[in-house]
Structure formats: C-alpha cells, structure tokens
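Here is how the chains run, residue by residue.
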Amino acid sequence: MQGINSSEHRILLDAFRKFEHMSVISKNKIEESEDANTRKAMQELDELYDKFQGLFVELKKCSKDYELKKKSTRSIINKSLRKLIPVFV
C-alpha cells in the first residue's frame, strides 16, 4: 500500500493558496469555470486527504491492537503447549 505524501499535499495546498491570492489581485484574468474547477478540485483533494489521515490513524491503531493480541495469543499457545509436552513424552 502506498501512502499519501504529506509534504506533497502541503506543497499543493501552498500552490492553491498562491492561486487564491493571485486570483483576488487579478480579477477576471481566468474564466469563471476554470476558477470553479480549480477550487472544486482542491476541495475534493483536501477531503480525500482528510479521509486518508483518518483511515491511517485507524489503521495504525488496528495494527497496534493486532500486535498486542498476537503477543498475548502466542503466550497462551506456548503455555498450553508446555502443558501438553509431558503428555507426549
């Protein structure tokens, strides 16, 4: 699984802020539809980034929980095996 690069997202966000700033200064230099498309695309990208961040946090928690459960399960299995070994010897 390939993650989303936070620094790349920040760079795009900075570029968008620059676009917004320049757009205010030089009104009507780009078509209204192009401006709307740019803003919509950035909004969608931001929403996806936020969703990714939430899922990533959830994935890290799940991974940590799995590791803890794996260790306790391994311990239980090993304890049971130690009890069974004398029966087969």
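Residues numbered from 1 in each chain as written. Predicted model: local features only at pLDDT ≥ 70, side-chain atom pairs only at ≥ 80, totals over all residues. Heavy atoms only, no water.

J.: Is there a simple way to explain a nonpolar patch on the surface in this structure?
T.: A cluster of nonpolar residues, Ile-77, Leu-81, Leu-84, Val-87 and Phe-88, forms a patch on the protein surface that exposes about 550 Å² of accessible area. If you trace the backbone, Leu-81 turns up in helix α2 (residues 32-88). Judged by its relative accessible area of 45%, Leu-81 falls in the partly exposed class. (Patch = residues over 30% accessible without salt bridge, like charges linked within 9 Å, V, L, I, M, F, W, Y side chains within 5 Å. Areas by Shrake-Rupley, 256 points an atom, 1.4 Å probe, with all protein chains shown as cover. Salt bridge = Lys/Arg side-chain N within 4 Å of Asp/Glu carboxyl O. Helix = DSSP H or I, 4+ residues; strand = E, 2+ residues; numbered from the N terminus. Buried < 20%, exposed > 50% of the residue type's maximum accessible area, 1.4 Å probe, protein only.)

J.: Is there a simple way to explain the pattern of salt bridges in this structure?
T.: Oppositely charged side chains can pair when the atoms bearing their charge come close. Taken as a whole, this structure holds six salt bridges when the rule is applied. The partner of Arg-17 in a salt bridge is Asp-14, with the nearest N and O atoms 3.7 Å apart. Of the two residues, Arg-17 and Asp-14 are both situated in helix α1 (residues 6-25); the distance of three residues between them amounts to about one turn of the helix. Relative accessible area serves as the criterion here: at 49%, Asp-14 is assigned to the partly exposed category. What you see here is one network of salt bridges that share partners, running through Glu-20, Asp-35 and Arg-39.

J.: Sorry, what's going on with the environment of Leu-13 here?
T.: Tracing the backbone shows Leu-13 in helix α1. Assessed through its relative accessible area of 17%, Leu-13 is described here as buried. When the C-alpha positions of Leu-13 and Val-89 are compared, they lie 67 Å apart, and in sequence the two are 76 residues distant. Excluding anything up to four places from it in sequence, Leu-13 contacts Met-42 and Asp-46. (Contact = heavy atoms within 4.5 Å.)

J.: Even after reading the chapter, I still don't get the packing of α1 against α2, so can you show me in this structure?
T.: Axis separation between α1 and α2 bottoms out at 11 Å; the angle between their running directions is 150°. The orientation of α1 with respect to α2, classified from their angle, is roughly antiparallel. The hand of the α1/α2 crossing is left-handed. For the pair α1 and α2, the contacting residues are Ser-6, His-9, Leu-12, Leu-13, Phe-16, Phe-19, Glu-20 and Ser-23 in the first and Asp-35, Thr-38, Arg-39, Met-42, Leu-45, Asp-46, Tyr-49 and Gln-53 in the second. (Axes fitted to C-alpha atoms, helices over the stretch in contact; angles between N-to-C directions. Parallel < 35°, antiparallel > 145°, perpendicular 65-115°, else oblique. Left-handed = near helix turned anticlockwise from the far one by under 90°.)

Don't take any of this as a statement about function, it's just geometry.
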